[in-house]
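If you want the building blocks of each chain, they are given just below.
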Amino acid sequence: MKCTSCKQGELTPSFIEGLFRAHTCSNCGGHWILIEDYVAWKERNPQFSFDNNIQCEVVETKQAMLCPVTGTIMRKFRLSASTNHRIDYSVNVGGVWLDKGEWELLKKENLTGSLNTVLTAHWQRNIRINSTKENFTEIYQDKFGEENYAKVKALREWLYQQPNKADLRAYLLAEEPYSAEK
């Protein structure tokens, strides 16, 4: 098979760290992994853990990637909310393309034991939710200032725990809470 990334190298049979089957590009060093091979290895080695204290330099392909087996466009999946890095997945084949250094990035992010989970809708939804929370936190901090944001956040958390929170909110929002007029 020709490499889906550099289009120059050949994908030759190999093993990721000698553990499970893959095909590695002879030119760019990317890896083609079938999820079924990864899951089978993971089921046989449930206690295995990778050292995630590593440095890595990652090359990421930004353009759409084609599956080396079917030639169809692969989907890009984010790894976590803490990185914008994405890996490519062929839904039709169940294969993952890892650019050079992406396996090391998975280890660094402590995701090597969760590669198949990263490809689920649930995982991707949680990333979107967490990213949105982080974005709003930054917006509020910029708008209110860090000290005021911390105070209003603490007040909000306290208010949410009160049984009469609706009355407390009405009191806080009233222009003149001691007047019978609107």
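Use the structure listed above.
Criteria and thresholds
Residues numbered from 1 in each chain as written. Predicted model: local features only at pLDDT ≥ 70, side-chain atom pairs only at ≥ 80, totals over all residues. Heavy atoms only, no water. Helix = DSSP H or I, 4+ residues; strand = E, 2+ residues; numbered from the N terminus. Buried < 20%, exposed > 50% of the residue type's maximum accessible area, 1.4 Å probe, protein only. Patch = residues over 30% accessible without salt bridge, like charges linked within 9 Å, V, L, I, M, F, W, Y side chains within 5 Å. Areas by Shrake-Rupley, 256 points an atom, 1.4 Å probe, with all protein chains shown as cover. Salt bridge = Lys/Arg side-chain N within 4 Å of Asp/Glu carboxyl O. Lys, Arg positive; Asp, Glu negative; His and termini not counted. Charge placed at Lys NZ, Arg CZ, Asp CG, Glu CD. Pairing = 2+ DSSP bridges. Axes fitted to C-alpha atoms, helices over the stretch in contact; angles between N-to-C directions. Left-handed = near helix turned anticlockwise from the far one by under 90°. Contact = heavy atoms within 4.5 Å. Nonpolar A, V, L, I, M, F, W, Y, C, P; charged D, E, K, R; others polar.

**Student:** Is there a simple way to think about unusual backbone geometry in this case?
**Tutor:** Across the chain, the bulk of peptide bonds are trans and the bulk of non-glycine residues have phi less than zero. For K7, which is not glycine, the phi dihedral falls at a positive 65°. Residue placement: K7 occurs in the segment before strand 1 (11-16). Residue classification places K7 among the exposed residues on the basis of a relative accessible area of 52%.

**Student:** In this structure, what is going on with a negative patch on the surface? I would like to understand it.
**Tutor:** On the surface, E134, E138, D142 and E146 cluster together to form a negatively charged patch. In terms of residues, the negative patch owes the most to one element, helix 4 (residues 121-144), which gives 3 residues. Looking at where E146 falls in the secondary structure, it is placed in helix 5 (residues 146-160). Look at E146 and you get exposed, because its relative accessible area is 62%.

**Student:** Would you take a moment to explain the pairing of strand 2 (residues 20-25) for this structure?
**Tutor:** The side chains of a regular strand alternate between the sheet's two faces. Bridge count for strand 1 against strand 2 is 6 bridges, and the pairing is antiparallel. The residue of strand 2 that forms the bridge with T12 is T24. Remark: 3 residues form the turn of the hairpin made by strand 1 and strand 2, two consecutive strands paired antiparallel; E17 in that turn has positive phi of roughly 50°. Here 2 bridges tie strand 2 to strand 3 (residues 31-34), and the two strands are oriented antiparallel to one another. Bridge pairing in strand 3 places T24 opposite H31. In sequence, strand 2 turns back onto strand 3 through a hairpin of 5 residues, with G29 there showing a positive phi of about 80°.

**Student:** Hey, could you run me through the environment of E181 in this one?
**Tutor:** Take E181: it is sitting in the segment after helix 6 (165-173). Overall, E181 belongs to the exposed group, its relative accessible area being 67%. With 99 residues separating them along the chain, E181 and S82 place their C-alpha atoms 50 Å apart.

**Student:** Mind showing me how you'd approach the packing of helix 4 against helix 5 here?
**Tutor:** The angle between the axes and the distance between the axes are what describe a pair of packed helices. Relative orientation of the contacting elements helix 4 and helix 5 amounts to 115°, with a least axis distance of 6 Å. Where helix 4 crosses over helix 5, the handedness of that crossing is right-handed. Within the contact between the two elements, helix 4 uses T137, Y140, Q141 and F144 and helix 5 uses E146, N148, Y149 and V152. Along the lines of polarity and charge, the residues of the contact of helix 4 with helix 5 split into 4 nonpolar, 3 polar and 1 charged.

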